[in-house]
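If you want the building blocks of each chain, they are given just below.
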Amino acid sequence: MKILEGPHLSQLTTLRLGGTAIAEIRLECADDYGALPDVIRRFGGIPHALGGGSNLLVRDGDLPFLLLRPGRQADGSEPQRTGEDQEAAFVRADAGIPLPRLVSWCARMGLSGLEGLAGVPGHLGGAIAMNAGAYGCSTAPLVTRLAAYTPEQGLRILGPSAWECSYRHFSFLEPCSWSLIAWAELRLVKSTPDAVRSAIHANLTQKKQSQPITENTAGCIFKNPEQNSAGRLLDAAGVKDLRKGAFHFSRKHANFLVHDTGCGVPGTFEDAISLIQAAQERVHGLFGIELEREVIVWA
Ligand code: EPU
């Protein structure tokens, strides 16, 4: 276990926003999960699972949060094949593996399933916890087993009957106060490196054209309403012309809030939230549709 005191959320989130937490606790092996209750008692504060911080909007200032991060963040540990059937290979990876590393490993191995997530800066654990998806791919349906820690049950290996998932939603069926995924096994279809690489290339090309991938964002702010597109509704509501402090909605895609860290005005949580609310109200006023937030808020 590694403990780093006073981590800055602005350095751990892709929106580059958020204050200072109590500590970041890196859980590197199964024994570390056994020691976790004592560590949480020692530091106090509210435990929060943190992956790549790519879907997070965090308050500024001193935060009473304990950040729990699975896996060794720095080492280059590779996913492992745990078995196969005729069509697919089963692959176990640390929840803390960054998606770009996992996706390029899949390309080298010629394993298909995660090509849609190319270019997403999150980690595997977070991608499962929110059932991240893009370009026809969703993470949670690929999971065949995972190890999850809850304060109520400790660290356990669970199968798909233990959770439910739908569009941008994943939850364990058994109630728990919070949970942290330690590793997951995925079923990936056998293909060829060339085929996987070309699907990744096609998705990345489309993503570059339609999303502000070089800016500080937290991905899409709102979920798409059923049979509709949040981006189109927000665009039609004129949110691309709204601005508050260092925040604005992307000209490229209206569902992305951009933090302009170079504009000379410090970005604040209040500004970000009030802009999101203004956008939500505009869409509601014009179309009668209540957009639901996809981005997770730690306030
Ligand atoms: N559109 C506009 N104006 C805009 C943005 C989009 O008119 O400013 C229109 C587009 O022209 C298109 C429609 O809205 O007709 C849908 O846009 P797009 O194809 O970009 O897809 P999306 O539904 O906005 C979803 C996911 C993305 C994912 C892409 C690709 C959600 C909320 N978003 O975007 O996921 O990358 O599809 O599969 O489900 C995320 O969840 O963070 C995310 C980025």
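Each remark here, short or long, concerns the structure printed above.
Residues numbered from 1 in each chain as written. Predicted model: local features only at pLDDT ≥ 70, side-chain atom pairs only at ≥ 80, totals over all residues. Heavy atoms only, no water.

(A) Looking closely at the overall build of the chain. A count of helices and strands for the chain gives six helices and 19 strands. What you see for the chain is a C-alpha radius of gyration of 19 Å, in line with the 19 Å of a compact globule of 299 residues. Counting only C-alpha atoms, the chain reaches 50 × 50 × 35 Å along its principal axes. When each of the 299 residues of the chain is scored for burial, the buried share is 50%. Summarising the internal contacts of the chain: among those between residues at least 6 apart in sequence, 65% fall at separations of at least 24. (Helix = DSSP H or I, 4+ residues; strand = E, 2+ residues; numbered from the N terminus. Rg over C-alpha atoms; globule rule 2.2 N^0.38 Å. Buried < 20%, exposed > 50% of the residue type's maximum accessible area, 1.4 Å probe, protein only. Contact = heavy atoms within 4.5 Å.)

(B) Here's a closer look at the pattern of salt bridges. Across all of its chains, the model carries 15 salt bridges by this definition. Each of Glu 24, Arg 26 and Arg 69 takes part in a single network of salt bridges with overlapping partners. (Salt bridge = Lys/Arg side-chain N within 4 Å of Asp/Glu carboxyl O.)

(C) Up close: the site of the ligand. Taken together, 20 residues lie around the ligand, and Tyr 135, Tyr 167, Cys 220, Asn 224 and Glu 294 are the ones closest in. Here a nitrogen atom of the ligand and a side-chain polar atom of Asp 235 are 2.8 Å apart. Considered on its own, the ligand offers 830 Å² of accessible surface; in the complex 72% of this is hidden by protein. Going through the elements one at a time, strand S9 (133-134) and helix H5 (230-236) are the ones with two or more residues in the shell around the ligand. (Near = heavy atom within 4 Å. Polar contact = N/O pair within 3.5 Å; in protein donor to acceptor, adjacent residues only side chain to side chain. Areas by Shrake-Rupley, 256 points an atom, 1.4 Å probe, with all protein chains shown as cover.)

(D) Up close: the environment of Pro 121. Note on placement: Pro 121 falls in the loop between strand S8 (111-112) and helix H3 (124-129). For Pro 121, a relative accessible area of 44% corresponds to the partly exposed category. The residues contacting Pro 121, other than those within four sequence positions of it, are Thr 14, Gly 52 and Ser 54.

(E) Quick look at the packing of helix H2 (residues 99-109) against helix H4 (residues 193-210). Direction vectors running N to C along H2 and H4 enclose 145°, while the axes themselves pass 6 Å from each other. From H2, Val 103, Cys 106, Ala 107 and Arg 108 reach across to H4, where they touch Pro 193, Val 196, Arg 197 and Ile 200. (Axes fitted to C-alpha atoms, helices over the stretch in contact; angles between N-to-C directions.)

(F) Quick peek at the nonpolar core. Ranked by internal contacts, the top residues of the largest apolar core, which has 38 residues, are Leu 114 and Leu 146. Of all the elements in the fold, those that place two or more residues in this core are strand S7 (88-94), H2, H3, strand S11 (143-150), strand S14 (169-172), strand S15 (180-190) and H4. The biggest single contributor to this core is H2, with six residues. Those residues in contact with Leu 146 that sit more than four places away from it in its chain are Ile 128, Arg 156, Ile 157, Leu 158, Trp 163, Phe 170, Phe 172, Ile 181, Trp 183 and Ala 184. Residues Ile 221, Ala 237, Ala 254 and Val 283 belong to the second largest nonpolar core, which totals 25 residues. (Core = buried A, V, L, I, M, F, W, Y, C linked by side-chain atoms within 4.5 Å.)

(G) Representation of the environment of Gly 285. Among the structural elements, Gly 285 can be located in helix H6 (residues 269-287). In this structure Gly 285 comes out as exposed when scored by relative accessible area, which is 65%.

(H) Highlighting the packing of aromatic side chains. Taken as a whole and assessed by the stated rule, the structure comprises five aromatic pairs. Taken together, the ring pairs connect Tyr 33, Tyr 149 and Trp 178 into an aromatic cluster. For Arg 92, the ring lying beneath its charged end belongs to Trp 183, and the centroid distance is 3.8 Å. (Phe/Tyr/Trp six-rings, centres within 6.5 Å; stacked < 30°, edge-to-face > 60°. Lys NZ or Arg CZ within 6 Å of the ring centre and 35° of its normal.)

(I) Unusual backbone geometry, seen in detail. The residue Arg 16 is not glycine, and still its phi comes out positive at about 60°. In this fold, Arg 16 is placed in the loop between strand S1 (2-5) and strand S2 (23-27). The partly exposed category is assigned to Arg 16, whose relative accessible area is 39%. For Tyr 135, which is not glycine, the phi dihedral falls at a positive 45°. Among the structural elements, Tyr 135 can be located in the loop between S9 and strand S10 (137-138).

(J) Here's a closer look at the sheet that holds strand S18 (residues 257-259). Read from one edge of the open sheet, three strands run S16-S17-S18, paired in antiparallel fashion. Every other strand in the sheet has two partners, leaving strand S16 (243-244) and S18 as the edge strands with one partner each. Pairing analysis gives two bridges linking S16 to strand S17 (residues 247-249), with the strands arranged antiparallel. Opposite Arg 243, over in S17, you have His 248 as the bridge partner. (Pairing = 2+ DSSP bridges.)

(K) Broad picture of the sheet that holds S1. Spatially, S1-S2-S5-S3 is the arrangement adopted by the four strands of the open sheet, whose pairing is mixed. Edge positions in the open sheet fall to S1 and strand S3 (46-49), since each of these has one partner strand only. Across the sheet, the axes of successive neighbouring strands diverge by a mean angle of 25°, strand direction being ignored. Summarising the sheet, S1 and S2 pair through four bridges and their orientation is antiparallel. Across the sheet, residue Glu 5 finds its bridge partner in S2, namely Ala 23.

Fair warning: the whole summary comes from geometry, so function is off the table for now.
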